[in-house]
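Coordinates in review
Listed here are the chains, written in short residue letters.
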Amino acid sequence: MAALEHLIRDYTEPIKDPVWNNILFSAPLLRLVALPVFQKLNGIRQLGPAYLVYPGATHTRFCHSLGVFHLARRLLLNLRTQPGDPWAMPAAAREPEAARAFLCAALLHDLGHY
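I will try to describe carefully the structure that is included in this document. For clarity, every value in this text was computed on a predicted model and none was experimentally measured.

Moving on, we come to a nonpolar patch on the surface. Together, Y51, L52, V53 and Y54 give the surface a local cluster of nonpolar side chains, amounting to about 460 Å² of exposed area. On the basis of relative accessibility, which here comes to 60%, the residue V53 falls in the exposed class.

What follows is the structure in C-alpha cells.
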C-alpha cells in the first residue's frame, strides 16, 4: 500500500504536455527535469529529419521522456489497483523506493542521446 500512497500523494507538480495534458511529478523529479543536462533533450528531435516530410513531427526527446515517465507511473498505478496477491506483482508496484527507481529510469532513459 505504501507504493500506491506514494504514487498518488507525492505527484502533484504538473508539467503541461500536448499529448497527455498535465503530467504530474514529485518535487524531486521536477528538479531533475530542470537540470541543464535534461533540458538539452529539448533540442533533439525524437523523429530525426521526419519533420521535413511531416511538418507536425516535431516531437523532441524531452517530450518523449516526459511521456515515458507518465506511462510508467500509470502502469504502476494500474498494477497497484488490480485485485490479487500483492506479492505477485513487481517490487516497483509494492515498495516506494522501487517505484521511485523505476520512474527515474523511465524519465532519464534518453540522457546521453546528444
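Applying the stated criterion across every chain, the model contains three salt bridges. With a shortest N-O distance of 3.3 Å, R61 and D110 are connected by a salt bridge. Here R61, found in helix α4 (residues 61-81), pairs with D110, found in the segment after α6 (96-108); they are 49 residues apart in sequence, far enough to count as distant. D110 sits in the buried class, given a relative accessible area of 4%. One salt bridge in this structure joins R100 and E97, with 3.9 Å as the shortest N-O distance. Separated by three residues within a single helix, R100 and E97 lie in helix α6, roughly one turn from each other. By relative accessible area, which is 52% here, E97 ends up exposed.

The next thing to look at is the pairing of strand β1 (residues 13-17). Sheet topology places β1 next to strand β2 (residues 21-25); five bridges connect them, and they run antiparallel. By the bridge assignment, D17 is partnered in β2 with N21. Between β1 and β2, which pair antiparallel one after the other, the connecting turn spans three residues.

For the rest of this paragraph, the subject is the packing of helix α2 (residues 27-34) against α6. For the pair α2 and α6, the least separation of the axes is 11 Å and the interaxial angle reads 20 degrees. Relative to α6, α2 is oriented roughly parallel. The interaxial crossing formed by α2 with α6 has right-handed handedness. Packed against α2, whose contacting residues are L29, L32 and V33, the element α6 presents C104, L107 and L108 at the interface. For the contact of α2 with α6, the class distribution of residues is six nonpolar, no polar and no charged.

Note that P18 resides in the loop between β1 and β2. Its relative accessible area of 73% is what places P18 among the exposed residues. Separated by 49 residues in sequence, P18 and G67 have C-alpha atoms that sit 10.0 Å apart.

Thresholds, definitions, all that
- Residues numbered from 1 in each chain as written.
- Predicted model: local features only at pLDDT ≥ 70, side-chain atom pairs only at ≥ 80, totals over all residues.
- Heavy atoms only, no water.
- Patch = residues over 30% accessible without salt bridge, like charges linked within 9 Å, V, L, I, M, F, W, Y side chains within 5 Å.
- Areas by Shrake-Rupley, 256 points an atom, 1.4 Å probe, with all protein chains shown as cover.
- Salt bridge = Lys/Arg side-chain N within 4 Å of Asp/Glu carboxyl O.
- Buried < 20%, exposed > 50% of the residue type's maximum accessible area, 1.4 Å probe, protein only.
- Helix = DSSP H or I, 4+ residues; strand = E, 2+ residues; numbered from the N terminus.
- Pairing = 2+ DSSP bridges.
- Axes fitted to C-alpha atoms, helices over the stretch in contact; angles between N-to-C directions.
- Parallel < 35°, antiparallel > 145°, perpendicular 65-115°, else oblique.
- Left-handed = near helix turned anticlockwise from the far one by under 90°.
- Contact = heavy atoms within 4.5 Å.
- Nonpolar A, V, L, I, M, F, W, Y, C, P; charged D, E, K, R; others polar.

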